[in-house]
Amino acid sequence: MCGIVGYAGNKQAAPILLEGLSKLEYRGYDSAGIAVRDKDKPVSVVKAKGRLSKLVEKTDEGHAVKGTCGIGHTRWATHGEPSEINAHPHISGCEPKGGTITDDSGVVGVHNGIIENFQELKDKLLRHDYKFYSETDTEVAVKLVDYYYNKYGIGPIDALAKTMVRVRGSYALAVMFRDYPGEIWVARKDSPMIIGVTKGESFVASDVPAILKYTRNVYYIGNLEIARLTPGDVHFYNLDGDEIRKELTEITWDAEAAEKGGYEHFMMKEIHEQPKAIIDTINASVKDNEFCFKDINLTPEMIRNFKQIYIVACGSAYHVGVAAQYVLEDMVRIPVRVELASEFRYRNPILDKDSLCILVSQSGETADTLAALRLAKEKGVRTLAVVNVIGSSIAREADDIFYTMAGPEIAVATTKAYSTQLIAFYLLALWFGRIREVIDHDRCIALLDEMRTIPAKIEKILEDKERLQWFASKFSNAHDIFFIGRGIDFAISLEGSLKMKEISYIHSEAYAAGELKHGTISLIEDGTLIIGVITQGALYEKTISNMVECKSRGAYLMGLTTYGNYEIEDRADFVAYIPKTDEHFTTSLAVIPLQLMGYYMAVARGLDVDKPRNLAKSVTVE
Ligand code: M6R
């Protein structure tokens, strides 16, 4: 996920690009850059690592870069760490010096998405004497456009069409050709892109907020289509070069709603982004049913020799670890210990050298998790980071990295990062299980196929969200909520309870259902809400019994179970259903209604969902 913006008009482009990028920072913020062309003069490219403010400073708020046509980018790294050299725009020419290029490159471009076959294309271009200065797939795309442009000499449409046919993956690509000053050419497949027009000006952007200040009239460019933007005019083409006619659409959202893609809060937007984030995370590590973990260098021998796995993390990432423990122990038959990073680092742990320590963190900057990583390394233990932010401290220091593909997560309450961390563990469990011969080839393929059904099943749960909204508003004045479950259902309860308390400020606790009778049941009184999570067939009757024990003490029961278990309605007062899946993967589905419950409770109570009190997105102090 990255943000792109482009302008072709009669005003100075750079300040408009910077303003547009500021509205897209939610799509990525590890580096930014702009390329501006002043009539037929050489293009100027300026880039900076870090937040957009660095680029704003470097360009004197855009005034230092002259020209009326330009493209800009705010990056969320996927290929190559966040750095000035990897920042977009990229050029077809030679290595830029000092991050500011004034180079007469044939093609300069920005890109959002992932080019899956970039290595194959890079090898091809290397054979044709292209030189590469960055680690990005985008530089490959820009050079491929240049290659076809020069090879066939027919013009931009042909060069872009040939590139689109060769590239596998997703992209929203915006390029400027030296031979077409004042124009921007764009192409799209599976990555968002809109085009806006007004008198004498044209705009392109990843999302509406970037251009809303200038126009509300937009075109939606379709998959595998190309567009040519000149000041105030846009033409669309298909892959055959035939012109396509399109209707303008008027945007009626206000600016703030637009930034959240029409959702009221980032949290809801991110809840809905989970299916895509899961698909992206699977596709990044599984090609043709084979595992390919680009940043993991564990050998089969190492994996066979591990005697113990530690999972160390904080908050929701720790809850992922609790769920992963059940999955790993069952699929890999290796002992797993899950620890809170803030405890692990101070308890002088005895760590077996033949073990693997997995650190889980969305931000990659959580102070306790980072300290735990350093401790494990000091003790000679191999470390693997499951991290979302590329180039973060934990990613830099770990021996091996599994990057989740959640994209930037803005809401403090994690949703899509949590979901992709679960996927990371399912994939690791299958890979380790295969190598240690606990899982055979056919079962592995069947489980991978089942994993691929998770996104559609999440969509189905989301379709029924209004029922949960109704139920949440009914209980929005609750004082205490207990989430109970056994096994994996206990792990799900932990996350459900945290989601509830962190954003709705309602006291809630997660309990292993069998533990209630050892003390906590004395807290149950008339109307206390009990949410029983029951997705594991073997534990179904036992958890139901624990729920009924609470009901006989006055509790109101909500059950969360899979379709088919309809007899639960005789005992619970309200039931939410999720589709069936392999029981190892139920966390991925059962967590969705619980995220929605927390969200709707907070909304019903009129709270600031995205920025709950006393909390920060990244906890960089212990
Ligand atoms: O960035 P990290 O994943 O290391 O953050 C860990 C926790 O702070 C985080 O999961 C926190 O619990 C979330 N806000 C929960 O929604």
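See the structure printed just above.
Residues numbered from 1 in each chain as written. Predicted model: local features only at pLDDT ≥ 70, side-chain atom pairs only at ≥ 80, totals over all residues. Heavy atoms only, no water.

**Quick notes on the site of the ligand**
Near the ligand lie 14 residues; those nearest to it are Ser361, Gln362, Ser363, Thr366 and Glu502. Taking Thr366, its side chain carries an N or O atom lying 2.4 Å from an oxygen atom of the ligand. If you list the elements that add at least two residues to the shell around the ligand, you get helix H10 (315-332) and helix H18 (488-504). Residue composition of the shell around the ligand, by class: 5 nonpolar, 7 polar and 2 charged. (Near = heavy atom within 4 Å. Polar contact = N/O pair within 3.5 Å; in protein donor to acceptor, adjacent residues only side chain to side chain. Helix = DSSP H or I, 4+ residues; strand = E, 2+ residues; numbered from the N terminus. Nonpolar A, V, L, I, M, F, W, Y, C, P; charged D, E, K, R; others polar.)

**Considerations on the packing of helix H3 (residues 118-127) against helix H4 (residues 137-152)**
Look at H3 against H4: their axes get within 10 Å of each other, and the N-to-C directions meet at 45 degrees. With respect to H4, the axis of H3 lies oblique. Pair H3 / H4 crosses with left-handed handedness. Residues Phe118, Leu121, Lys122, Lys124 and Leu125 of H3 form the contact with H4, whose participating residues are Asp137, Val140, Lys143, Leu144, Tyr147 and Tyr148. Broken down by class, the residue content of the contact of H3 with H4 amounts to 7 nonpolar, no polar and 4 charged. (Axes fitted to C-alpha atoms, helices over the stretch in contact; angles between N-to-C directions. Parallel < 35°, antiparallel > 145°, perpendicular 65-115°, else oblique. Left-handed = near helix turned anticlockwise from the far one by under 90°. Contact = heavy atoms within 4.5 Å.)

**Topic: the sheet that holds strand E28 (residues 574-578)**
Spatial ordering of the open sheet is given by E25-E24-E26-E27-E28, a layout of 5 strands whose pairing is parallel. Since the sheet does not close on itself, it has two edges, and those belong to strand E25 (507-512) and E28, each with one partner. For this sheet the average axis-to-axis angle between neighbouring strands, irrespective of direction, equals 20 degrees. Sheet analysis places strand E24 (residues 480-485) next to strand E26 (residues 529-534), joined by 4 bridges and oriented parallel. Note on E26: the bridge partner recorded for Phe483 is Ile531. Packed onto the sheet, helix H17 (residues 465-474) meets E26, strand E27 (556-562) and E28 and runs at close to 145 degrees relative to E28. (Pairing = 2+ DSSP bridges.)

**A short note on the pattern of salt bridges**
Scanning all chains against the criterion turns up 31 salt bridges. Among the salt bridges present, the one from Glu25 reaches Arg51, with a minimum N-O distance of 3.4 Å. With Glu25 in the loop between helix H1 (13-22) and strand E2 (31-37) and Arg51 in the loop between strand E3 (43-49) and helix H2 (52-58), this pair connects stretches of sequence that are 26 residues apart. On the basis of relative accessibility, which here comes to 17%, the residue Glu25 falls in the buried class. In this structure, Asp573 and Lys551 form a salt bridge, with 3.2 Å as the shortest nitrogen-oxygen distance. Taken together, the residues span a long stretch of sequence, with Asp573 in the loop between E27 and E28 and Lys551 in helix H19 (residues 540-551) at a distance of 22 residues. (Salt bridge = Lys/Arg side-chain N within 4 Å of Asp/Glu carboxyl O. Buried < 20%, exposed > 50% of the residue type's maximum accessible area, 1.4 Å probe, protein only.)

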